[in-house]
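What follows is the residue order along each chain.
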Amino acid sequence: MSYAIFVNGQIHHVEDDGQTPLLWVLRDTLKLTGTKYGCGVAQCGACTVHVDGQPMRSCTLPLEIVASSQITTIEAVEGAEAEAVRAAWLARDVPQCGFCQSGQIMCAVALLRTVGSPTDGDVDTAMSGNICRCATYNRIRAAIHDAAGTLRGQTT
Amino acid sequence: MTESKVEKRRFAMTRRRLILGGSLVGGALVVGYTATHPMQVAGAILQGGGSDPEPSVFGPFVRIGADDWVTVVNKHQEMGQGIHTALAAMVAEELDADWDRVRVVDARGNFRAYGPQLTAGSNSVASNWDTLRNAGAAARTMFVAAAAARWGVSPQSIAIRDSIVSHTGSGRSATFAELLTDASRQTPPQAPELKQPEDYRLIGTDRVRRKDTVPKITGGQVYTQDVDLPDMLVAMVAHSPRFGGKLARFDASDALKIPAVVDAFAIETGVAVVAENTFAARRGRDALRVEWDDSKAETRSTPELFRYYHEVAAGRTDIEPNVLETKGHPDAQFGSDVLEFTFDFPYLAHAPLEPMNCVAQIDGWDIKIMSGTQLVTLDQVHAARIGLTIPGKVDIEVLPAGGSFGRRGTATSDFVVECLRIARHTNGRPVKLIWTREDDMAGGFYRPMVHHRAWIELGPDGFPARWRHHVVSQEMVPIGGNFQNFEGITGSPYFVTASVVDGKIFSPSHPVQCGFWRSVGLSHTGMVMEHIIDQLARQARRDPADYRWALYQRAGAARHLAVLNELCLKSGWGSPIETGWARGMAITECFGTVVGQVAEVRIQEGRPVVRKVTAVVDCGIPISPDQIAAQMEGSIGFGLTAALYGAVTLKDGFVQETNFDSYPILRMNEMPTVETHIIRSANRPTGMGEPGVPPIAPAVANAMLILTGSPTTSLPILSGNALGNSNVSVRS
Ligand code: FES
Ligand code: FES
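1. Quick notes on the overall build of chain A
Right, so step 1: From N to C terminus, chain A includes six helices and five strands.
Right, so step 2: A globule of 156 residues ought to have a C-alpha radius of gyration of about 15 Å, and chain A, at 15 Å, matches this closely.
Right, so step 3: Each principal axis of the C-alpha distribution contributes one length, and for chain A these read about 50 × 35 × 25 Å.
Right, so step 4: A buried classification covers 60% of the 156 residues belonging to chain A.

2. Quick word on the sheet that holds strand E14 (residues 357–363) of chain B
All names here are of chain B.
Right, so step 1: Spatial strand order, E9-E10-E7-E17-E14-E15-E16: seven strands in an open sheet with mixed pairing. Edge strands, defined here as strands with exactly one partner in the open sheet, are strand E9 (261–267) and strand E16 (394–398). Each strand axis lies, on average, 20° off the axis of its neighbour in the sheet, ignoring direction.
Right, so step 2: Against the sheet, helix H10 (residues 278–286) engages strand E7 (233–239), E9, strand E10 (270–275) and strand E17 (431–434), with an angle of about 25° to E7.
Right, so step 3: Taken strand by strand, helix H12 (residues 376–387) contacts strand E15 (366–371) and E16, and its axis lies near 140° from that of E16.

3. Some words on the interface of chain A and chain B
Bring the parts together and some accessible area is lost; that lost area is often taken as the interface size.
Right, so step 1: Contacts between chain A and chain B engage 50 residues on the former and 57 residues on the latter.
Right, so step 2: Note on chain A versus chain B: buried area summed over both sides is about 4,400 Å², and carbon and sulfur give 54% of it.
Right, so step 3: Across the chain A-chain B interface, the total number found is seven salt bridges.
Right, so step 4: One salt bridge in this structure joins Arg283 of chain B and Asp17 of chain A, with 3.1 Å as the shortest N-O distance.
Right, so step 5: Linking chain A to chain B there are 35 residue pairs in polar contact (both at pLDDT 80 or more).
Right, so step 6: Contributing elements (two or more residues each) for the side of chain A that touches chain B: helix H1 (22–29), helix H3 (80–91), helix H4 (101–114), helix H5 (120–127) and helix H6 (137–155) of chain A.
Right, so step 7: Of all the elements, H6 of chain A adds the most residues to the side of chain A that touches chain B, at five residues.
Right, so step 8: For the side of chain A that touches chain B, the residue count by class is 23 nonpolar, 14 polar and 13 charged.

4. Describing unusual backbone geometry
All names here are of chain B.
Right, so step 1: Across the junction of Leu715 and Pro716, the peptide omega takes the value 0°, indicating a cis bond.
Right, so step 2: Along the chain, the position of Pro716 falls in the segment after helix H19 (696–708).
Right, so step 3: A positive phi angle, near 50°, is found at Phe591, a position not held by glycine.
Right, so step 4: The topology assignment puts Phe591 in the loop between strand E21 (581–590) and strand E22 (593–604).

5. Re the packing of aromatic side chains
All names here are of chain B.
Right, so step 1: In the structure shown here, the tally under the stated rule is 16 aromatic pairs over all chains.
Right, so step 2: Seen in terms of ring centroids, Phe243 and Tyr446 are 5.8 Å apart; in terms of plane orientation they differ by 80°. Their pairing is edge-to-face. Residue Phe243 is located in the loop between E7 and strand E8 (246–251), and its partner Tyr446 is located in the loop between helix H14 (437–441) and strand E18 (450–458); the two are separated by 203 residues in the primary sequence. The same class applies to Phe243 as to Tyr446, namely buried.
Right, so step 3: Arranged with centres 4.9 Å apart and planes meeting at 45°, the rings of Trp517 and Phe638 form a pair that is tilted. In this pair, Trp517 is assigned in the loop between strand E20 (500–506) and helix H15 (522–539) and Phe638 in helix H18 (residues 625–644), connecting sequence segments 121 residues apart. Of the two residues, Trp517 and Phe638, both sit in the buried class.
Right, so step 4: Across from the ring centre of Trp99, 4.0 Å away, lies the NZ or CZ of Lys211, which sits over that ring.
Right, so step 5: The lysine or arginine in question, Arg611, covers the ring of Trp581, its NZ or CZ lying 4.0 Å from the ring centre.

6. With respect to the pattern of salt bridges
Right, so step 1: All told, the structure shown has 59 salt bridges over all chains when counted by the stated rule.
Right, so step 2: Between Glu276 of chain B and Arg429 of chain B there is a salt bridge, with the nearest N and O atoms lying 3.1 Å from each other. Taken together, the residues span a long stretch of sequence, with Glu276 of chain B in the loop between E10 and H10 and Arg429 of chain B in the loop between helix H13 (414–423) and E17 at a distance of 153 residues.
Right, so step 3: Through salt bridges that share partners, Asp93 and Arg139 of chain A together with Arg209, Asp626 and Glu633 of chain B make up one connected network.

7. Section: the domain arrangement of chain A
All names here are of chain A.
Right, so step 1: For chain A, the assigned domains are domain 1 (2–72) and domain 2 (80–155).
Right, so step 2: Using C-alpha coordinates to define each centre, domain 1 is positioned 22 Å away from domain 2.
Right, so step 3: Roughly 970 Å² is buried in total at the junction of domain 1 and domain 2, and carbon and sulfur atoms are behind 58% of that figure.
Right, so step 4: Where domain 1 touches domain 2, the interface holds zero salt bridges.
Right, so step 5: Inspection of the region where domain 1 meets domain 2 yields six residue pairs in polar contact (both at pLDDT 80 or more).
Right, so step 6: Contributions of two or more residues to the side of domain 1 that touches domain 2 are made by strand E3 (48–51) and strand E4 (54–57).
Right, so step 7: In terms of residues, the side of domain 1 that touches domain 2 owes the most to one element, E3, which gives three residues.
Right, so step 8: Of the residues that constitute the side of domain 1 that touches domain 2, the class distribution is five nonpolar, six polar and two charged.

Parameters and conventions
- Residues numbered from 1 in each chain as written.
- Chains lettered and ligands numbered in written order.
- Predicted model: local features only at pLDDT ≥ 70, side-chain atom pairs only at ≥ 80, totals over all residues.
- Heavy atoms only, no water.
- Helix = DSSP H or I, 4+ residues; strand = E, 2+ residues; numbered from the N terminus.
- Rg over C-alpha atoms; globule rule 2.2 N^0.38 Å.
- Buried < 20%, exposed > 50% of the residue type's maximum accessible area, 1.4 Å probe, protein only.
- Pairing = 2+ DSSP bridges.
- Axes fitted to C-alpha atoms, helices over the stretch in contact; angles between N-to-C directions.
- Contact = heavy atoms within 4.5 Å.
- Buried area = accessible area lost by both parts, 1.4 Å probe.
- Salt bridge = Lys/Arg side-chain N within 4 Å of Asp/Glu carboxyl O.
- Polar contact = N/O pair within 3.5 Å; in protein donor to acceptor, adjacent residues only side chain to side chain.
- Nonpolar A, V, L, I, M, F, W, Y, C, P; charged D, E, K, R; others polar.
- Phe/Tyr/Trp six-rings, centres within 6.5 Å; stacked < 30°, edge-to-face > 60°.
- Lys NZ or Arg CZ within 6 Å of the ring centre and 35° of its normal.
- Domains from an automatic or database assignment.

Set out below in C-alpha cells:
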C-alpha cells in the first residue's frame, strides 16, 4: 500500500506494508539511518524520534498509524533546545560508541522543550527508557543540566 | 634515560623487520586457530592483507596534506573506547602538530602495511606506543631538516609548535603544507629522538579529546547497520535455538511468498533469508518452518550445568585439571580450620547496543567486507577460506562499532563468516547480514559460566598460609590451556605469605560457545579474589585496607600500594558514613593497569543501591585524562550491570534472556556518581578499555558484607534463583 508520511518537514510517498515499523521505513526506505535499531521492542530507546513533538519508539510504531503525523528524526531536529543539547554533548564528549546517542539526544531535547530546569528526578524519568550500554549516563545528565543552563541564559 | 635508549634501539630495526616481526606474531596466532589451512596462513604472511594503502612518505600511519591537516591512520577497532584519540595524540605529541588540525581515519584491513590488526586485551595503547611516537617523531625530523636546508640554518635552531615550523633567530616560519615537498624528499630517520614525558605539551592534558563526537551527535556516524550499497540485499538467519543443534529440514514456501523476499537457503549455521529490505527479511524468517536435529545439542538447564561444574571441581569427573599456579607442596593436607569459599557465575552476553552485523560482497576472487570487527587480520584469513581466495584479496573496511566489549572479536569470526556464506549465494550482489537483538543475545560467545572453589588456611599472623583454588570454566579460545580464566589469580600478591599454593583449572567442554567479554578472566576472578580478601580480613579482625596494605607491602606490589593509599585518601576510607551506608573496596590489576574502587552502598528493599564510586587508576603515562575517566565511568556501569543483573541462563538448552526486558542493563536512575583519580606515572602507558570493570562487583559485595554480615557467593546479586542457587539472598 502507499502511504504519505511527513518526515523532517517533507512529504514522502512510501510503498510499504502498513505493519512495517516506522523505524524500518526511515532507515531502509528513506535512508535516514541516524535512527538506530537496538532492540525492536521499545526497551532501549535507540530508535527514538519525535512524533508530533513527542519522543516515541519508532521500532514499535506501525507505518499505518503514523501516516498523518509530523515526524522528526535526529538528522533534522533543530531549535534552541537541540542546539543547546548538541553543544553540551560536544563540550563533554558524551558519546563513547555513540550508537544510543541519537535516541538520547531526541529524548533530551523533548525533555528540555517541556521542562526548562529539570531536576535529577526529571532527568531520570525522561531518560531511563534509554539504554546506554557504554554507560555514559553521568555525562548525559551533566550535559542536560548544562543545556538547561544555556537555555535559561538565553531567555533572561 | 635507560628507557629512551632501549626505545631507540628498538626503532633502529628497519621498517621491513618490524613488519616481519608483526607477521610472525600474527602468523602464530593464525596457526593456532586454523591449523588445518596452512595455505591461508602462508597467504596471510606472504601476500599481505591487501593492496598498498594510500602511500605516504611519512609511513603507513601518518599523512600530511596540502590543507595542513595531519591524518593519523588508526589500525584498530574504534568501539567507543576512544582508541583513535589516544593513537592520534601519540603522533601529534611527537610531531608537535596542532591538535585541532589532526584527524583520524580508520585503516582498512592491510596486513602488509600495518602488521596484525587485532584489537584485544586493552592492548592498543601499549602496543602502539613505540610505533606511533616514532612515526610522529620521524615526520617531525623531516620537517626540521627541510626547514633547516631551506633557510640555511642548523636543525638545532628549528622549533615546531602547533604545526608551525620556525627559526628562532631569524623569525622565519612556515606551515607543514609549505614545507611538504621539501620534507618528503628527506630520508625518514631510523631512530628519531623522542620527547621525555616531562616535555609533553599534549599528552596528559585535557586537550586530548575525542575526534568523533560530532558525527555521533548528528546521526551522521555510519555503523555497519547503516551501510547502504547499490543493489544490496538484507539477510537474516534462522539459527538453531539450542547450541550445537543442526538443521534437519526446512520449508521456505511461505517465506518466499512475501513480497521483497528474494531467496531462502541453508547455510552451515541455519537457514538464511535474503530480501530487498530488513523488515521483509525479518518477516521471511518468521515464516520459515524449520526442524532441528538436536542429537548433539546442549539440552541441559543452568542449574544442572552448575551441579555438573560442582562435581567437576570436586574431582568427581574424568576432566583433568590444568595446573596454573603452584608454590610449595601443592598436595599438602590442609588442617581442619580451613576456610572454604565457593562462587558461581553465569554466562554473560556482551549485548552491545548495535547487534552483530556485517556487509559482504564476493566478486570472483575478490571479497569486500564492511564491518565493525576487532580481529581484522583473522577475519581476512577466515574470509579467504570461505571465499576460496587468498587473504590479500579480502578487502575489509573497518567501521566504528556500536559497542562490542569483545563480541566482535571471536576466534571463528563467526558473523563475518556467516555473512560470507550468504554472499556466496547472491550472484555478486552485496548483502548485509542483520542479527536481531534476540539473535545477538542467544548467539553465544558468552563470558563463560564459572565455578570457583577455594580452601584457605590462615597462619597465626592472620594472613594466608595455604591457598588451594579450583576453577571450572569452559575455554574462551582453544589455545593456552584456559589460562585466560585464571588471570587475576595467577601471580596474585595475596599469595605472598602462603607457603603452599595450589591453583588448578578444569575445562569442561560443551556446545555453548564462549569468548572474550570485557576484562576477560578478571570479570570473575576479580570478584573472587577481592571478596575473599575482605572475608579473610574480617576473619583476622583487620580493616580490609589495612590487610591489603600489609600483603602488598610484603609482595613488593608498589603500584597496588600507591593505588591503595590514594584510594583511602580520596574515598574518605575510615571516616564516618551515614547509618545504613557502607563503603566497600576492591583493587585489581587487569592487562597491566591497576584500578582501585570504593563503592558507597546501602540496602533498600532488599537491593543494593550504589550512590558513588571513587576510583583510582594507574595506567602508566595518562594520555587522555578525559577518556580515562570516560572509560572508568563506562566500565563501572558495565560491571555494575553484570553484578546486579547479568545472567544468560538455559532451560532445556534454550536461552531464556533474549532482549533487554529479561537481560536488564543499568539505567540512568541507577548509575552512581563516579570520581576518577589518575596516579601520576612515567611508566609506559597501558590500556583503559577493560580494567575498570573488575573491581566494582567485589567493591559492592564487600560493602554488603559489612551491611548484612553475609558474603556474596554468586552473581548476579539480584537474580540468584535463575541460577538454581539457594545461597543468594540479600538480607537487609
Ligand atoms: S529499537 Fe526501539 S526501543 Fe530499542
Ligand atoms: S555510547 Fe555506546 S551505547 Fe551509548
